[in-house]
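Okay, here's what each chain looks like letter by letter:
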Amino acid sequence: MSRVITAKFGGTSLADASQIRKVAEIIKSNPERRYVVASAPGKRFKDDIKVTDLLYSCYSEFAKGDEYSGTLAKIKARYAEIISELGIKFDIGAEIEKIENELRYYPPADYLASRGEYLNSKIIAEFLGWPFVDAAEVIFFDENGNFDGERTFMTMSGKLRDFPNAVIPGFYGTQISVSSMPQGGIKTFSRGGSDVTGSIVARSTQSDIYENWTDVSGMLSADPRIVSNPKPIEYITYTELRELSYMGASVLHEDAVFPVRKAGIPINIRNTNSPDDKGTLIAATIPSDVKRNPVTGIAGRKGFTSIRVEKSQMNGETGFGARLLYIFARNGIPFEHCPTGIDTISVVVNSSSFDAKRDEILRELKNELSPDFITIEKNLAVIAVVGEGMVSARGTAAKVFSALAEAGVNIRMIDQGSDELNIIIGVDEADYEKSLKALYSAMIK
Ligand code: ASP
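Residues numbered from 1 in each chain as written. Predicted model: local features only at pLDDT ≥ 70, side-chain atom pairs only at ≥ 80, totals over all residues. Heavy atoms only, no water.

Colleague: Just checking my understanding: could you explain helix α7 (residues 194–204) for this structure?
Modeller: Residues spaced three or four apart along an α-helix point in a common direction, a consequence of the helix completing one turn every 3.6 residues. With ten of eleven residues buried, α7 is to be regarded as a mostly interior element. Looking only at α7, the buried set comprises Ser194, Asp195, Val196, Thr197, Gly198, Ser199, Ile200, Val201, Ala202 and Ser204. Phi turns positive, to about 50°, at glutamine 206, one or two residues after α7. (Buried < 20%, exposed > 50% of the residue type's maximum accessible area, 1.4 Å probe, protein only. Helix = DSSP H or I, 4+ residues; strand = E, 2+ residues; numbered from the N terminus.)

Okay, structure coming up:
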C-alpha cells in the first residue's frame, strides 16, 4: 500500500499566486501528498495585513454599525488578484455577495473569520483540479464549544475514504448546538488553528506523515532574535517539543500535537520557499541510528516571580507543601516550578497573575502556615535547557552551570524536571539574553 501524506500549508505559503504555484509544485511532486489543508492568505511583505485580520476588522466594523464595505473590498481584491494571476475561473464576486448576505443574519465573528481559509481552499482546489471538502461538514465542536474528536474522526474518515485527493480549509468546523442558525454553526479554533485541522486530517486519513509547510526550514535550537544563526533542529521528540514550546519556542499551534501524537504520526515542518531542506521531524521516538546532541534546544521566558517560604522543621510538618500550593490554587494562580530545600519551598509563578493577588496570598501564607520568612524575588527569567540525551550524558549540568558562571550570571533558581529531560534555570531578567547566548555556545553550537 502506498503511503499517505497530509500536507498543511500556512498563510505565507499561500499569500499570493506565485506562492500558490510553489505549493502546487510541491503537492504534485509527490502523489503521496493526497490531502491538503490550507490557511488563508497571509502576509506578502512585512507590513502587509493577513486576510484573517482583514476579516476580523470587517466583522468589528459591521458589529459596531460602521462602514465595512472598504475592508470587504480589500479582501475581494486580494482574492481577485490571486485568481487572475493563476488564470482560473472562480466567481469571487458571487462568493463575496454570499458572505454579505449572511451578514444580514448577524452570524458570529467566527463565521466571517473562517471565510479566509474557505475561499483560499476553494481557489487552490480549482487550481489543482482537486475536490474541495468543506471543514464545516467534517470537523465538529460540542455545545460548549470544545472540539468533538469522536464525532469528527468518525465523520471525517468516512467522508475522506471516498476522496483519493482533497483540499480542506483549515481553522474551522461546525458547532453542533447552533447548527440550525444561518451559518451560526461555524466555529474556529484559536488563531493559527489550521495547524490543528492538518493534524486532525492526518489522523483521520491514517496518514504516514503530517507535513506542516511554513516559511522557515524547521524549528531552531534557540531564539534567533537573541542568538545569531542558531542551528535548526533536525529531530525532536513530542515531549521535547512540548517543553520548548511551553517556554516560548513556537513553531506549531499547541493543540496540533495531540491528534497525531496519539496516533503515532510524525510531523515534518518544511519550508515552502526551500522545499529541498529536510526541516524538522517531530516524532515519539527518534530512530536509533540518528546521532543527536544531548541538548536539543534552549528556550526561555521573562516575567516570573519566586515566593520563597522558610520555616524551621518544615520537613517534619506533614502536608506543608500541599497547604502552601493550595493557597496559590485557591487564588487561581498556577505554579510553574516548585524547587524545595529541607526547610524552604519556593513557588515560581507568572508575575502578572501573582501581582493581582499578591496581598491576599501573602496574608493567607502568614496566617495559615506561620512561616519564619517569606522572600519575594521579582523580575525572574526562566530558561529551559531541553534534551532527552541529557539523561545519559554525564557532565551536562556541570557544563550548564559553568557556562553561566563564566558569563558572570548569577543563578537564582535551579530545577530539574523529574524526567531528566530538562534543566530549568532562573536568572535575573537583565541577564536573560546573556544567559541564553552563553548556554547556546556551550551546549549546542
Ligand atoms: N488564518 C488563521 C489565522 O491567521 C488560521 C491559520 O492560519 O492557521 O490565525
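Moving on, there is more to tell.
Colleague: Can you walk me through helix α8 (residues 238–246) in this structure?
Modeller: Within the span of α8, buried status applies to Tyr238, Glu240, Leu241 and Leu244. In an axial view of α8, the angular spread of the buried residues amounts to 155°, which keeps them on one side of the axis. Where the residues of α8 are buried, they touch β8 (235–237), α9 (257–263), β9 (267–271), β10 (280–283), β11 (297–310) and β14 (373–386). Immediately beyond the C-terminal end of α8, within one or two residues, lies glycine 248, with a positive phi of roughly 110°. (Arc of directions from axis to C-beta. Contact = heavy atoms within 4.5 Å.)

Colleague: What is the right way to look at the layout of surface pockets in this model?
Modeller: Rolling a probe over the atoms, with the probe sized like a water molecule, indicates the empty space that remains. Here the largest pocket defines a volume of roughly 1200 Å³. Looking at the largest pocket, it is lined by 47 residues, and the ones nearest its centre are Thr214, Asp215, Ser250, Val251 and Leu252. Those elements that provide at least two residues to the lining of the largest pocket are α7, β7 (209–214), α8, β11 and α13 (432–443). When its residues are assigned to classes, the lining of the largest pocket shows 18 nonpolar, 19 polar and ten charged. Quantified by volume, the second largest pocket comes out at close to 380 Å³. Taken together, 16 residues line the second largest pocket, and the ones lying closest to its centre are Val4, Arg161, Ser204, Thr205 and Gln206. Looking at the lining of the second largest pocket, the elements with two or more residues in it are β2 (33–38), α6 (149–160) and α7. In terms of residue count, α6 provides more of the lining of the second largest pocket than any other element does, three residues in total. The residue makeup of the lining of the second largest pocket, split by class, is seven nonpolar, five polar and four charged. (1 Å grid on protein atoms, 1.4 Å probe; cavity = no way out; pocket = protein on both sides within 12 Å on 5 of 7 lines; lining within 4 Å. Points joined across faces, edges and corners; volume = space filled by probe spheres on them. Nonpolar A, V, L, I, M, F, W, Y, C, P; charged D, E, K, R; others polar.)

Colleague: Help me understand unusual backbone geometry in this model?
Modeller: For residues other than glycine, phi is negative in most cases, and the peptide bonds are mostly trans. Look at phenylalanine 171: it is not a glycine, yet its phi comes out positive at around 85°. The backbone of glutamine 206 sits at a positive phi, close to 50°, despite the residue not being glycine. Examined against the element boundaries, glutamine 206 turns out to sit in the loop between α7 and β7.

Colleague: Would you mind going over the sheet that holds strand β15 (residues 411–416) with me for this structure?
Modeller: As a general point, the strands of a sheet are linked pairwise by backbone hydrogen bonds and lie either parallel or antiparallel. Taken together, the six strands give an open sheet; going across it, the order is β12-β13-β11-β14-β16-β15, and neighbouring strands pair in antiparallel fashion. A single partner strand is all that each edge strand has here, and the edge strands are β12 (335–337) and β15. On average, each strand axis in the sheet is tilted by 40° relative to the strand beside it, whichever way the strands run. Against the sheet, helix α12 (residues 396–406) engages β14, β15 and β16 (422–428), with an angle of about 15° to β16. (Pairing = 2+ DSSP bridges. Axes fitted to C-alpha atoms, helices over the stretch in contact; angles between N-to-C directions.)

Colleague: How should I be thinking about the nonpolar core in this particular structure?
Modeller: Among soluble globular proteins, nonpolar side chains are generally buried collectively. If you look at the biggest cluster of nonpolar residues, it comprises 62 residues, and the most contacted ones within it are Phe9, Ile75, Tyr79, Ile123, Ile139, Leu160 and Ile168. Looking at this core element by element, the count peaks at eight residues for helix α5 (residues 109–128). Sequence-distant contacts of isoleucine 75, that is, excluding residues within four places in its chain, are made with Val51, Leu54, Leu55 and Cys58. Membership of the second largest hydrophobic core comes to 28 residues, among which are Ile233, Ala249, Val386 and Ile424. (Core = buried A, V, L, I, M, F, W, Y, C linked by side-chain atoms within 4.5 Å.)

Colleague: Looking at this structure, how should I read the sheet that holds strand β3 (residues 140–141)?
Modeller: Judged by pairing direction, the sheet is mixed, and its three strands sit side by side in the order β3-β5-β6 without closing on themselves. Here the strands that pair on one side only, and so sit at the sheet edges, are β3 and β6 (186–188). Taken together, the two bridges between β3 and strand β5 (residues 172–175) define a ladder with parallel strand orientation. The residue bridging phenylalanine 140 from the neighbouring strand is threonine 174, located in β5. Along the sheet, α5 contacts β5 and β6; its crossing angle with β6, the most-contacted strand, is approximately 75°.

Colleague: Could you clarify how one ought to interpret empty space enclosed by the protein in this entry?
Modeller: Counted according to the given criterion, the structure contains three cavities of 30 Å³ or more. Where the lining of the largest cavity is concerned, the elements lending two or more residues are α8 and α9. The element best represented in the lining of the largest cavity is α8, accounting for four residues. Residue composition of the lining of the largest cavity, by class: six nonpolar, two polar and three charged.

Colleague: Explain the packing of aromatic side chains here, please?
Modeller: Each aromatic ring pair is summarised here by two numbers: the centre-to-centre distance and the angle between the ring planes. Applying the stated criterion to the full structure yields eight aromatic pairs. When the ring of phenylalanine 9 is compared with that of tryptophan 213, the centres are 5.8 Å apart and the planes differ by 20°; the resulting orientation is stacked. Here phenylalanine 9, found in strand β1 (residues 5–9), pairs with tryptophan 213, found in strand β7; they are 204 residues apart in sequence, far enough to count as distant. Each of the two residues, phenylalanine 9 as well as tryptophan 213, counts as buried. (Phe/Tyr/Trp six-rings, centres within 6.5 Å; stacked < 30°, edge-to-face > 60°.)

Colleague: Looking at this structure, how should I read the packing of α6 against α7?
Modeller: When two helices pack together, their arrangement is given by the angle between the helix axes and by the axis-to-axis distance. Relative orientation of the contacting elements α6 and α7 amounts to 65°, with a least axis distance of 9 Å. Put simply, α6 runs roughly perpendicular to α7. The two elements α6 and α7 meet at a crossing, and its hand is right-handed. Mapping the contact onto sequence places Thr152, Phe153, Met156, Ser157 and Leu160 in α6 and Ile200, Val201, Arg203 and Ser204 in α7. (Parallel < 35°, antiparallel > 145°, perpendicular 65-115°, else oblique. Left-handed = near helix turned anticlockwise from the far one by under 90°.)

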